[in-house]
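# Commentary on secondary and tertiary structure
Take a look at the letters that make up each chain.
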Amino acid sequence: MFNCLCLNPFISVSSTVACTSHTVRSRQRLAPQKSVDLALGYRNPLGYGFGFGLRRSLHEMVSSRFKGVAVMTDDKSTISSTEEYLENIGIFSIDPSLKPYKDHFKYRLKRYVDQKKLIEEYEGGLEEFAKGYLKFGFNREEGGIVYREWAPAAQEAQIIGDFNGWDGSNHQMEKNQFGVWSIKIPDADGNPAIPHSSRVKFRFRHGDGVWVDRIPAWIKYATVDPNRFAAPYDGVYWDPPLSERYEFKYPRPPKPKAPRIYEAHVGMSSSEPRINSYREFADEILPRIRANNYNTVQLMAVMEHSYYASFGYHVTNFFAVSSRSGTPEDLKYLIDKAHSLGLQVLMDVIHSHASNNITDGLNGFDVGQTSQDSYFHAGDRGYHKLWDSRLFNYANWEVLRFLLSNLRWWLEEFKFDGFRFDGVTSMLYHHHGINIAFTGDYNEYFSEATDVDAVVYLMLANSLIHSILPDATVIAEDVSGMPGIGQQVSDGGIGFDYRLAMAIPDKWIDYLKNKNEYTWSMKEISWSLTNRRYTEKCVSYAESHDQAIVGDKTVAFLLMDEEMYSGMSCLVDPSPIVERGIALQKMIHFITMALGGEGYLNFMGNEFGHPEWIDFPREGNGWSYEKCRRQWNLVDTDHLRYKFMNAFDRAMNLLDDKFSFLASSKQIVSSADDEDKVIVFERGDLIFVFNFHPENTYEGYKVGCDLPGKYRVALDSDAWEFGGHGRVRSPNLWG
């Protein structure tokens with residue numbers, strides 16, 4: 001009798017277990033594709049290069065120490081060694097079915113190589129190029145503060161702030177030939193002319209003669225007056241004295257064999273209806289995460305965003321820590337505390353778009369500018385219609401400097417251990433994935449719809465990150481499943497370590513919303529969980545923040561709904577809905593973890609079946625924080641059943657900690673029986689048996705196994721400590 005079991009073999013020469021004769025090995029499958037005879041692409045009308053989407057052959061003016069040169073990057077510039085490299089791209093030996101698209105891979109790889117060479121020639125290398133924050137924005141230089149800003153369309157510019165009474169007439173900036181404005185403000189009596197934590201802004205006059213004030217693009221902190229509703233943000237000059245700077249005390253923990261990720265939003269992590277702080281999260285929430293045996297924390301909404309309800313995805317200030325939860329020093333405290341607990345910290349980085357906010361954000365520098373002189377594309381190409389946000393011009397030299405430097409800033413200044421890149425699908429294609437249903441046909445990935453500028457940027461970004469921090473973990477949020485996104489750049493891939501397995505939660509939500517349990521297909525479930533590209537790693541998850549936001553429901557809420565309000569007490573017998581709901585919540589999360597990828601992710605609160613949805617304060621709910629929090633009291637109350645789901649979450653993470661099955665390449669699905677509703681598979685040294693039947697329990701059920709020997713129960717979802725009935729009599733491996 002079982003719901004789901006995990007068995008560990010103790011090999012014995014003299015004993016065996018029953019093995020079915022029809023054991024079938026599953027493969028990590030390539031996405032389905034149609035055969036094609038010709039690579040897609042078109043010849044540039046000027047006679048050079050293959051074009052995929054709108055291309056420019058003349059790169060932007062590039063600068064080194066503010067010296068510039070125009071460079072042509074067409075096919076004629078290729079040197080022989082590069083040509084040989086392009087003819088032997090490693091990805092084709094991994095997936096020969098990509099060979100019809102060789103011209104596409106050659107084109108984008110050559111674009112990457114050429115761009116990197118330019119950066120090496122004019123900036124001293126990719127790593128040096130990504131130190132833009134030491135040149136732009138505010139920096140201490142001998143005898144004063146130097147401020148630089150790239151705003152080529154501006155006619156005049158000043159620096160204003162508290163330090164000069166917001167009158168910039170005595171602080172006029174000078175513009176060089178490449179559109180960079182600069183000013184050096186000498187120290188006064190040995191002290192910085194701009195005091196630490198004082199407000200500053202960039203004032204400039206555009207072509208219409210109108211003066212506008214904007215937050216400096218490279219600002220490292222920005223705040224808003226909490227006493228004024230919808231008040232604009234101000235840039236803050238952040239240069240604390242040594243006595244106030246946080247000094248890291250703990251080294252980065254070793255990179256885990258497989259990431260077990262706890263996705264968290266600091267602001268909504270309080271049990272009270274308010275915004276939580278970095279330090280409170282560090283002291284109160286990080287220990288919970290560690291106790292549940294996660295090894296990685298993924299932080300959302302770190303970059304400053306003026307609209308809280310955007311979940312942090314409409315960034316206004318890319319180098320600034322979100323001030324709602326504290327200062328940059330407070331965030332450093334959080335990360336250091338995580339490292340002290342052995343937790344790596346990933347950052348949700350948003351380079352796919354920027355807030356449309358003109359007053360507070362980067363969009364404010366767009367006044368009167370063309371694509372060549374702006375962070376963003378001009379016209380329709382510069383706007384995301386669904387997100388109402390601006391889209392970066394990834395071919396622009398200064399945009400590359402800005403975004404690559406942004407990555408290095410968070411890695412080095414705050415000691416993040418990697419990133420989860422948001423909205424990668426939107427970056428990869430000119431259509432941004434809008435109204436596109438990806439089927440796995442390779443023509444969907446390699447065509448005129450591919451935004452090669454963005455692909456090259458992502459290749460540069462991953463190359464940079466792993467050069468600075470070889471053990472970094474970098475994850476792509478890509479729903480399209482583009483082949484090669486998880487392959488190394490040197491092999492022609494885009495260079496991510498993992499891709500989020502976004503189809504898995506969609507499948508579970510579809511089953512829970514639209515299918516009766518008796519019609520669930522074990523074959524379809526196992527196929528959905530194993531359908532990923534060979535050698536490209538995935539992070540699986542049953543639900544993330546996407547499934548918890550207003551308008552949707554979590555897995556637990558879909559299973560139990562209103563009975564979560566009245567039927568979760570251990571003081572009374574559970575209703576059939578609650579009993580079945582808790583059992584399925586555990587099983588869905590466990591099979592997703594065990595079979596769905598090489599890493600696992602859970603969103604804050606879902607480990608104990610947090611009820612209700614997340615609704616950020618907004619006009620539609622009267623700016624309420626009531627559902628923008630986590631009810632930790634539910635799992636902490638001993639007589640409530642939430643504790644059982646939490647205990648099982650802790651146990652399944654511990655199981656991977658002990659047996660490293662997530663990192664194992666051994667994955668064999670031996671049975672997916674739609675009649676019995678049983679799935680059996682091996683992962684690493686463990687056998688997993690899942691019984692999804694709504695009524696039937698089984699005794700003496702024979703399962704296939706790869707290795708002979710005696711098997712003991714390593715984890716049983718039906719155990720008493722997990723709220724089950726204890727029907728499996730085999731001793732637990734922990735005891």
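Not measured: the values here are computed from a predicted model. (Residues numbered from 1 in each chain as written. Predicted model: local features only at pLDDT ≥ 70, side-chain atom pairs only at ≥ 80, totals over all residues. Heavy atoms only, no water.)

### Describing the overall build of the chain
Note the threshold: Strands here are runs of E lasting at least two residues and helices are runs of H or I lasting at least four, both read from the DSSP assignment and numbered beginning at the N terminus. For each residue, the accessible area found with a 1.4 Å probe, counting protein chains only, is set against the maximum for its type, and the residue is called buried under 20%, exposed over 50%, and partly exposed in between. Only heavy atoms matter for contacts: two residues are in contact if any of them lie within 4.5 Å across the pair. Computed with the Shrake-Rupley method and a 1.4 Å probe, the accessible areas treat only the protein chains shown as cover for residues.
Check the secondary structure of the chain and you find 16 helices and 31 strands. Of all 735 residues assigned to the chain, the portion counted as buried reaches 60%. Look at the contacts in the chain between residues 6 or more apart in sequence, and 73% of them connect residues 24 or more apart. Approximately 28,500 Å² of the chain is accessible, and the part contributed by carbon and sulfur atoms is 50%.

### Quick notes on the UniProt feature "active site" (unreviewed entry) in the chain
Quick note on the threshold: UniProt positions are given in the numbering used here, feature names are shortened, and annotations may be inferred rather than shown by experiment. Put simply, the grid is 1 Å and covers the protein atoms alone, a cavity is a trapped set of points that fit a 1.4 Å probe, a pocket is an open set with protein on both sides within 12 Å along at least five of seven lines, and lining residues have an atom within 4 Å of a point. In the analysis that follows, any N or O atom pair within 3.5 Å is treated as a polar contact, provided that within protein one partner can donate a hydrogen and the other can accept it, and provided that, for residues neighboring in sequence, both atoms belong to side chains.
As recorded in UniProt, the feature "active site" (unreviewed entry) lies at Asp422 and Glu477. Taken together, the annotated residues stretch across 56 residues yet fold into one region, lying no more than 5.4 Å apart by C-alpha. Here the residues from the annotation list that line the largest pocket are Asp422 and Glu477. You can see aspartate 422 is positioned in the loop between strand S23 (418–421) and helix H8 (424–428). Given a relative accessible area of 7%, aspartate 422 falls into the buried group. The contacts of aspartate 422, once residues within four sequence positions are left out, are Tyr313, Asp348, Val349, Ile350, Ser352, His353 and Glu477. By the element assignment, glutamate 477 lies in the loop between strand S24 (473–476) and strand S25 (498–500). Polar side-chain contacts of glutamate 477 include one of 3.2 Å to the side chain of arginine 420.

### As for the environment of serine 306
Tracing the chain through its elements places serine 306 in the loop between strand S17 (303–304) and strand S18 (317–321). With 84 residues separating them in the primary sequence, serine 306 and alanine 222 have C-alpha atoms 9.5 Å apart. Discounting chain neighbours no more than four positions away, the residues touching serine 306 are Tyr233, Thr316, Arg324, Asn357 and Asp360. One polar contact links serine 306 to asparagine 357, side chain to side chain, over a distance of 3.0 Å.

### Points about the sheet that holds strand S9 (residues 174–175)
The following threshold applies: A pair of strands is considered paired only if DSSP assigns at least 2 bridges between the two.
The strand order S6-S7-S10-S9 describes an open sheet built from 4 strands, whose pairing is antiparallel. Each of the sheet's edge strands pairs with one partner strand only, and the pair in question is strand S6 (137–141) and S9. Pairing of strand S7 (residues 144–150) with strand S10 (residues 180–186) involves 7 bridges; the strand directions are antiparallel. Counterpart to glutamate 149 in the pairing with S10 is tryptophan 181.

### Concerning the pairing of strand S29 (residues 678–683)
With 6 of 6 residues buried, S29 lies mostly within the body of the structure. Burial of the side chains of S29 extends over both faces: Val678, Val680 and Glu682 are buried on one face and Ile679, Phe681 and Arg683 on the other. As judged from the 6 bridges shared by strand S28 (residues 667–673) and S29, these two strands associate in the antiparallel manner. Residue pairing across strands places alanine 672 opposite isoleucine 679, the latter belonging to S29.

### Considerations on the nonpolar core
Here is the rule: We define the nonpolar core as a collection of buried residues of types Ala, Val, Leu, Ile, Met, Phe, Trp, Tyr and Cys that are connected through side-chain atoms lying within 4.5 Å of one another. Where each domain starts and ends follows an automatic or database-derived domain assignment.
Leu299, Leu331, Tyr375, Leu404, Trp410, Phe421 and Tyr457 are the most contacted members of the largest nonpolar core, which totals 194 residues. Top element by residues in this core is helix H9 (residues 452–468). It accounts for 12 residues. Each of domain 1 (139–237) and domain 2 (663–722) accounts for three or more of the residues forming this core. Residue contacts for leucine 331: discarding those within four places in its chain leaves Tyr278, Leu299, Val302, Val321, Trp410, Phe414 and Phe416. In terms of nonpolar packing, the next biggest core, distinct from the first, is built from 11 residues, Leu5, Val678, Val680 and Ile687 among them.

### Overview of the packing of aromatic side chains
Note the cut-off: Classification of ring pairs rests on two measures: the distance between centres of Phe, Tyr or Trp rings, Trp counted by its six-membered ring, which must be within 6.5 Å, and the angle between planes, read as stacked under 30 degrees, edge-to-face over 60 and tilted in between. Only when the NZ of Lys or the CZ of Arg is both within 6 Å of the ring centre and within 35 degrees of the ring normal is a charge said to sit over the ring.
Evaluated as defined, the whole model comprises 61 aromatic pairs. Between phenylalanine 365 and tyrosine 375, the aromatic rings sit 6.4 Å apart at their centres with planes inclined by 80°, giving edge-to-face as the arrangement. One end of the pair, phenylalanine 365, is in the loop between strand S20 (354–355) and strand S21 (383–384); the other, tyrosine 375, is in the loop between S20 and S21, and 10 residues separate them in sequence. What makes tyrosine 375 buried here is its relative accessible area of 2%. The aromatic ring of phenylalanine 557 is capped on one face by lysine 553, whose charged end is 5.5 Å from the ring centroid. Here lysine 586 stacks its cationic end above the ring of phenylalanine 648, 6.0 Å away from the centre of that ring.

### What about the pairing of S28?
Along S28, 6 of the 7 residues are buried, which leaves the element largely enclosed by surrounding structure. Between the end of S28 and the start of S29, which pair antiparallel, lie 4 residues, with lysine 677 showing a positive phi angle near 60°.

### Structural notes on the side chain of arginine 408
Position of arginine 408 among the secondary structure elements: in helix H7 (residues 397–413). Of note is the side chain of arginine 408, whose polar atom sits 2.7 Å from the backbone oxygen of glutamate 127. With near-sequence residues (within four places) excluded, arginine 408 lies in contact with Glu127, Glu128, Ala130, Lys131, Tyr133, Glu413 and Ile468.

### Quick word on the confidence of the model for the chain
Heads up, the rule is: pLDDT measures how confident the predictor is about each residue, on a scale from 0 to 100.
Looking at the chain, the pLDDT average stands at 88 and 88% of residues meet or exceed 70. Here residues 9–80 is a poorly scored stretch, pLDDT under 50, and it has 184 contacts once near neighbours within four places are set aside; other chains count.

### Thoughts on the sheet that holds S20
The 3 strands are arranged S20-S22-S21 in an open sheet whose pairing can be described as antiparallel. Of all the strands in the sheet, just S20 and S21 have a single pairing partner and so form its edges. As paired strands, S20 and strand S22 (residues 389–390) are joined by 2 bridges and run antiparallel to one another. Paired with serine 355 across the strands is serine 389, a residue of S22.

### Points about the pattern of salt bridges
Going by this rule: Between Lys or Arg on one side and Asp or Glu on the other, a salt bridge is scored when a side-chain nitrogen of the former is within 4 Å of a carboxyl oxygen of the latter.
What the rule picks out here adds up to 46 salt bridges. Between arginine 205 and glutamate 156 there is a salt bridge, and its shortest N-O distance comes to 2.8 Å. Of this pair, arginine 205 sits in strand S11 (residues 198–205) while glutamate 156 sits in strand S8 (residues 156–161), placing them 49 residues apart in sequence. Between aspartate 718 and arginine 727 there is a salt bridge, with its nearest N and O atoms 2.9 Å apart. One salt-bridge network, held together by shared partners, links Arg111, Arg381, Asp451 and Asp453.

### Quick word on the layout of surface pockets
Condition: Grid points are joined across faces, edges and corners, and a volume is the space filled by probe spheres set on the points.
Put simply, the largest pocket is a space of about 800 Å³. Lining the largest pocket are 36 residues, with Tyr313, Trp387, Asp422, Glu477 and Asp546 positioned closest to its centre. For the lining of the largest pocket, the element with the highest residue contribution is H8, accounting for 3 residues.

### Some words on the environment of serine 197
Checked against the element boundaries, serine 197 lands in the loop between S10 and S11. Along the primary structure serine 197 and proline 240 are separated by 43 residues, whereas in three dimensions their C-alpha atoms are 7.6 Å apart. Apart from the residues lying within four places of it in its own chain, the contact partners of serine 197 are Val236, Tyr237 and Trp238.

### Focus on helix H14 (residues 576–595)
Operational definition: The span one expects for a helix is its residue count, reduced by one, times 1.5 Å.
The end-to-end C-alpha separation of H14 is 28 Å, in line with the 28 Å expected for 20 residues at 1.5 Å each. Here H14 lies mainly inside the structure; 17 of its 20 residues are buried.

### Regarding a nonpolar patch on the surface
We count it as follows: Patches here are clusters of residues that have more than 30% relative accessible area and form no salt bridge, with a 9 Å joining cutoff for like charges and a 5 Å cutoff for nonpolar side chains (Val, Leu, Ile, Met, Phe, Trp, Tyr).
A cluster of nonpolar side chains, namely Phe229, Tyr307 and Trp623, defines an oily patch on the protein surface of about 390 Å² accessible area. In this fold, tryptophan 623 is placed in the loop between strand S27 (599–603) and helix H15 (632–636). For tryptophan 623, a relative accessible area of 40% gives the class partly exposed.

### Details of unusual backbone geometry
Of note, the phi angle at asparagine 293 is positive, near 70°, even though the residue is not glycine. Taking the relative accessible area as the measure of exposure, asparagine 293 reaches 13% and is therefore buried.

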